[in-house]
Amino acid sequence: MIKKQFIINPLQEHKTTWISVLLLKSPSNIVLLCLVLLMANQTSARSLHLSTFNSQQGLSQNSITCSITDQQGFLWFATQGGLNRFDGYEFKRFKANSDDNSISGNWITGCVKDSKNQLWFSTASKGLNKLNPKTGQFEVYSTSNNDGLSENKIWSMAATADDILWLGHEHGKLTRFDTANQEFEHFQYTIEQQLPLIRDIVITDELIWLATDKGLISFDPSTEQFTQHAQISAPLWHLKLLNNEKLLIGAKQGLYILNLATQSSEEIEQFNAAWITDSFIDQQQNLWLASYGQGLYFLPADADLQEQFTQYRHDKQNSNGLSSNYLLSLYQDSQGIIWLGTDGYGVHRYDPKQQQFSHQLKTSQANSLSHNFIRSIVKRANGEVWVGT
């Protein structure tokens, strides 16, 4: 008797036929059939078998704000309490100190690599840092150095192909930094005497797009004019450019799509109450979303944005899953490894190439198996697997 529908993995549809409905009386037959089904599904099954690195392994702090790779292949994890270089085995910490060549602040808000393979790190209150990875020394740009930077609090950063850095601040301030000529330009926008905080920046061919706590704003560098986009006025956190045609807009409550050609927008219904903190498109063109409180979301490359995303949440009974639903950052390195930055629980490592079996069992989650004793299994034509307990 089938008591409960349990879909093992509906990430992609498969053109398959009914395998069979079997009442399995032998435990060996159950194991054999489960292995066959799982092996048949390995091209679509995505078991998030994660390894975790935190302060116990040497991280300076457990809230990962961004990640980046240098020319030598070292990974750099920025946190709210220092910068960390990872060689695959050990962490080397970089923290602010009295040395003139140290990083200026420990709460790091942004990571960028320029065309010369120099790494840039922005901070929440101590200005901008350029790292020479070969020497481990930092060059600091701040108001106290009188080098042209007018605001030390930098909450967002983006770079152009010709090494122009755009920095987002509080109080509606936006900075353009020509790194080649060492020249700063400053701009400011007010909304009815309200000064927005710029949380994220995306650069297109003509405009600089800003996610602010007062909604979506664009800046035209040629005219030096700001434009408020009234159709998206919610407090925003994250922006992502999709195929140079659409802007993915993450709010504290909701996810939106803006068509850049028509300026029309739509809300993705699944995320009405979700706080999206980061996103990235992996090497297979799949879309991943990080959220603050709702875990991780995944959408296959060939799916429409309005289709149902697969959601991964923390489960205390799964020691190899997410350690927290509160995620801050996502990054895929040159080897294809995906790094998930959490708020307070360190960084997760996930290798999509590893073929892990997905072990399904009864847990505290509402959509888990109703019982661990399996009596029958059937696979439908659309790729869904039904399990009878």
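What comes next is a walk through the structure. (Residues numbered from 1 in each chain as written. Predicted model: local features only at pLDDT ≥ 70, side-chain atom pairs only at ≥ 80, totals over all residues. Heavy atoms only, no water.)

## Focus on the overall build of the chain
Consideration 1: Broken down by element type, the chain carries one helix and 30 strands.
Consideration 2: Put simply, the chain has 389 residues, and 50% of those count as buried.
Consideration 3: Taking as baseline every contact in the chain between residues at least 6 positions apart, the subset at least 24 positions apart corresponds to 47%.
Consideration 4: Of the roughly 19,200 Å² of accessible surface on the chain, a fraction of 46% belongs to carbon and sulfur atoms. (Helix = DSSP H or I, 4+ residues; strand = E, 2+ residues; numbered from the N terminus. Buried < 20%, exposed > 50% of the residue type's maximum accessible area, 1.4 Å probe, protein only. Contact = heavy atoms within 4.5 Å. Areas by Shrake-Rupley, 256 points an atom, 1.4 Å probe, with all protein chains shown as cover.)

## Remarks on the state of the cysteines
Consideration 1: Per the counting criterion, the structure on display carries one disulfide.
Consideration 2: Through a disulfide, Cys66 is tied to Cys111; the S-S separation comes to 1.9 Å. One quick way to see it: the torsion about the S-S bond of Cys66 and Cys111 is about 70°, and its sign makes the bridge right-handed. Of this pair, Cys66 sits in strand 2 (residues 64-69) while Cys111 sits in strand 6 (residues 108-113), and the two are 45 residues apart along the sequence. (Disulfide = S-S within 2.5 Å.)

## A closer look at unusual backbone geometry
Only a minority of non-glycine residues have a phi that is not negative, and only a minority of peptide bonds are not trans.
Consideration 1: With a phi close to 60°, Glu224 is a non-glycine residue in the positive phi region.
Consideration 2: Here Glu224 lies in the loop between strand 16 (215-220) and strand 17 (225-229).
Consideration 3: Since its relative accessible area comes to 44%, Glu224 is described here as partly exposed.
Consideration 4: A positive phi angle is found at Gln263, which is not glycine, with a value near 65°.
Consideration 5: Mapped onto the secondary structure, Gln263 falls in the loop between strand 20 (254-259) and strand 21 (265-267).
Consideration 6: The exposure class of Gln263 is partly exposed, given its relative accessible area of 30%.

## A look at the sheet that holds strand 10 (residues 156-159)
Consideration 1: Read from one edge to the other, the open sheet built from four strands follows the order 10-11-12-13, with strand pairing classed as antiparallel. Both edges of this open sheet fall to strand 10 and strand 13 (183-188), since each of them pairs with a single strand only. Ignoring strand direction, the axes of neighbouring strands in this sheet form an average angle of 20°.
Consideration 2: Looking at chain direction, strand 12 (residues 173-178) and strand 13 are connected through six bridges and run antiparallel. Residue pairing in the sheet places Leu174 in a bridge with Phe187 of strand 13. (Pairing = 2+ DSSP bridges. Axes fitted to C-alpha atoms, helices over the stretch in contact; angles between N-to-C directions.)

## Details of the packing of aromatic side chains
Consideration 1: Counted under the stated rule, the structure contains 30 aromatic pairs.
Consideration 2: Plain terms: the ring middles of Trp107 and Trp155 are 5.8 Å apart, the flat faces sit at 90° to each other, and that makes the pair edge-to-face. Taken as a pair, Trp107 in the loop between strand 5 (91-94) and strand 6 and Trp155 in the loop between strand 9 (137-141) and strand 10 lie far apart in primary sequence, 48 residues in all.
Consideration 3: In this structure Trp155 comes out as buried when scored by relative accessible area, which is 15%.
Consideration 4: Taken together, the aromatic side chains of Phe53, Phe77, Phe86, Phe91 and Trp339 make up a single cluster linked through ring pairs.
Consideration 5: Against the face of Phe74 rests Arg85, its NZ or CZ located 4.2 Å from the ring centre.
Consideration 6: Residue placement shows Arg199 over the ring face of Trp155; its charged tip is 5.1 Å from the ring centre. (Phe/Tyr/Trp six-rings, centres within 6.5 Å; stacked < 30°, edge-to-face > 60°. Lys NZ or Arg CZ within 6 Å of the ring centre and 35° of its normal.)

## Digging into a negative patch on the surface
Consideration 1: On the surface, a cluster of negative charge is contributed by Glu266, Asp302, Asp304 and Glu307.
Consideration 2: Here Glu307 is to be found in the loop between strand 24 (296-299) and strand 25 (310-312).
Consideration 3: Using a relative accessible area of 41% as the deciding quantity, one classes Glu307 as partly exposed. (Patch = residues over 30% accessible without salt bridge, like charges linked within 9 Å, V, L, I, M, F, W, Y side chains within 5 Å. Salt bridge = Lys/Arg side-chain N within 4 Å of Asp/Glu carboxyl O. Lys, Arg positive; Asp, Glu negative; His and termini not counted. Charge placed at Lys NZ, Arg CZ, Asp CG, Glu CD.)

## So, the environment of Leu239
Consideration 1: Note that Leu239 resides in strand 18 (residues 236-242).
Consideration 2: Leu239 gets classed as buried once you look at its relative accessible area, which sits at 4%.
Consideration 3: If we skip the residues at most four places from it in the chain, Leu239 touches Asp200, Val202, Trp209, Leu210, Ala211, Leu216, Leu247, Leu248 and Ile249.

## Focus: the pattern of salt bridges
Consideration 1: Taken as a whole and assessed by the stated rule, the structure comprises six salt bridges.
Consideration 2: The closest approach of N and O atoms between Lys116 and Asp163, which form a salt bridge, is 3.4 Å. Here Lys116, found in the loop between strand 6 and strand 7 (119-123), pairs with Asp163, found in the loop between strand 10 and strand 11 (164-168); they are 47 residues apart in sequence, far enough to count as distant.
Consideration 3: Given a relative accessible area of 53%, Lys116 falls into the exposed group.
Consideration 4: Here Asp351 ties to Lys353 by a salt bridge, and the two come within 3.5 Å at their closest N and O atoms.
Consideration 5: Under the relative-accessibility criterion, Asp351 is labelled buried at 12%.

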